[in-house]
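Observations on the model geometry
These are the residues of each chain, in order.
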Amino acid sequence: MSSHVRSVSAILLFCMGLPIVGAACATGNVAVDDDGGTLPEPEIDGATPVLPEEDGGTKTDASKKDGQAGDSATGAPAPKLTALAPAKSPISTAPVTVTITGADFDTTSVVEVDGTAIATTYASATQLQATIPAAMLAAVKNLAVVVTTPAPGGGSSAPLTFAVENPAPTATSLSPLGAVVGAPATLLTVTGTGFVTGTKIVFAGTDLVTTVKSPTSVEATIPAAQLATAGTFNVFVVNPTPGGGTTTALSFTVSTPAVQLSTVTPASAIVGSGATSVQLVGTGFLPTTQVLFNGVAITASYVDSTRMNATIPAASLTTVGELPITARNPPPGGGTSNPVSFRVQY
């Protein structure tokens, strides 16, 4: 078979497989030289054939060979978040740096907190660092943290929550450190750190109405009813949730007063006489005050803070002499009064 016939056969076979190209052949776009001239060869490799669509239209072959259409860049992927470290902070007047862990971060990725972009440092495709400004940490709240990568591609991640909580308080001192039994209502000031709206002073297990003077000072009034009994009582400061907590205890002492004796009436008795009743006048008497005759406790009864009644037993009046009468209050505080002389005489 002559070479030009073979060429025509190859062209016809190619055109039969491709309808559109076949149409072109039929219209004379492919020339055949009967005298053995050069015939155009169809381009198979490197061409983009025209293919039929199902609806009778045409489409371009979308196979992605090097250098072909359809190989354009799609841009960065959308970032993904898995963790924040730290994931919370107490109320603060200083900024907080957070490490964000995830995937598909880009050098153009930006951290946003509640919709506001903040200073961001790219560490790797799985880690960013960002600084949350102090202004965002001034009150208890939950902040939404997202990472956004700009177009092309990109987008915003699902949010993670950064919690701003109340701080744990500390208590360092009390003023005053105590009161005497029977004192009136007393203003108590606690000094420390981390006090916030809602901070309470707890005295002996009872919440007191508390005023927050500053982040380092709170005060409350101890009712007189809680100062009626001697003892040492725990004082705590408590911050509310979220976060918050309770301080270690400080001690407030309700002490018994020192007793002062002024007079004892009568001031004497006859030796060998029977039991003798006396009245003591002074200050600082309590229902728990003891009366002592010559150093030995005798029967006594409380009248009020300035008067006590007592009975000197007959057995204590068998010897002539000047014998001391004293009064004693129990600890804390308290102690033994000055002596007043009682004469046993003939």
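Above: the structure in question.
So, here's what we can say about the structure. What you see is a predicted model, and the numbers here were worked out from it, not measured in a lab.

Remarks on the side chain of N239
Of note, N239 is situated in strand 20 (residues 231–239). In this structure the side chain of N239 is engaged in a polar contact, spanning 2.9 Å, whose partner is the backbone oxygen of P167.

Details of unusual backbone geometry
When glycine is set aside, most residues are seen to have a negative phi, and most peptide bonds are trans. Note the cis peptide between A85 and P86, where omega equals 0 degrees. Note on placement: P86 falls in the loop between strand 3 (80–85) and strand 4 (88–90). Look at the link from T265 to P266: it is a cis peptide, with omega at -5 degrees. Along the chain, the position of P266 falls in the loop between strand 23 (260–265) and strand 24 (268–270). Here A204, not a glycine, exhibits a phi torsion of approximately 50 degrees, which is positive. Note that A204 resides in the loop between strand 16 (200–203) and strand 17 (206–208). For A204, a relative accessible area of 38% corresponds to the partly exposed category.

Regarding the environment of P86
On the basis of relative accessible area, P86 is assigned to the partly exposed category, the value being 36%. Between the C-alpha atoms of P86 and V98, which are 12 residues apart in sequence, the distance is 6.0 Å. Contact partners of P86, with chain neighbours within four places excluded, come to V96, T97, V98 and F162.

A closer look at the pattern of salt bridges
A complete count under the given rule lists 4 salt bridges for this structure. Across the pair D104 and K80 runs a salt bridge, and its minimum N-O distance is 2.6 Å. In this pair, D104 sits in the loop between strand 5 (96–103) and strand 6 (110–113) while K80 sits in strand 3, placing the two residues 24 residues apart along the sequence. Residue K80 is classed as partly exposed on the basis of its relative accessible area, which comes to 47%. Where R307 meets D304, a salt bridge forms, and the shortest distance between an N and an O atom there is 3.1 Å.

Overview of the sheet that holds strand 23
Pairing is antiparallel across the open sheet formed by 4 strands, whose spatial order is 23-25-29-28. Among the strands making up the open sheet, the edge pair consists of strand 23 and strand 28 (300–304). Each neighbouring strand pair of the sheet contributes to a mean axis angle of 25 degrees, computed without reference to strand direction. Note: strand 25 (residues 276–283) against strand 29 (residues 307–312), 6 bridges, orientation antiparallel. From the neighbouring strand, L280 faces strand 29, where its bridge partner is M308.

Here's the deal with the environment of N329
You can see N329 is positioned in strand 30 (residues 321–329). Classification of N329 as buried rests on a relative accessible area of 2%. Counting along the chain gives 74 residues from N329 to S255, while the straight-line C-alpha distance between them is 9.6 Å. Aside from chain neighbours lying at most four places away, what touches N329 is T256, P257, V259, G284, L286, T289, G334 and G335.

With respect to the sheet that holds strand 5
Spatial ordering of the open sheet is given by 3-5-9-8, a layout of 4 strands whose pairing is antiparallel. Every interior strand has two partners, whereas the edge strands, strand 3 and strand 8 (120–124), have only one. The average undirected angle you get between the axes of adjacent strands in this sheet is 25 degrees. Taken together, the 4 bridges between strand 8 and strand 9 (residues 127–132) define a ladder with antiparallel strand orientation. Bridging across to strand 9, T121 finds its partner in Q129.

Some thoughts on the pairing of strand 26 (residues 290–293)
Both strand 26 and strand 30 contribute to a ladder of 4 bridges, which runs antiparallel. Bridge pairing in strand 30 places F293 opposite I325. Bridge count between strand 26 and strand 27 (residues 296–298): 3 bridges; the pairing is antiparallel. Across the sheet, residue F293 finds its bridge partner in strand 27, namely V296.

Analysis parameters
- Residues numbered from 1 in each chain as written.
- Predicted model: local features only at pLDDT ≥ 70, side-chain atom pairs only at ≥ 80, totals over all residues.
- Heavy atoms only, no water.
- Helix = DSSP H or I, 4+ residues; strand = E, 2+ residues; numbered from the N terminus.
- Polar contact = N/O pair within 3.5 Å; in protein donor to acceptor, adjacent residues only side chain to side chain.
- Buried < 20%, exposed > 50% of the residue type's maximum accessible area, 1.4 Å probe, protein only.
- Contact = heavy atoms within 4.5 Å.
- Salt bridge = Lys/Arg side-chain N within 4 Å of Asp/Glu carboxyl O.
- Pairing = 2+ DSSP bridges.
- Axes fitted to C-alpha atoms, helices over the stretch in contact; angles between N-to-C directions.

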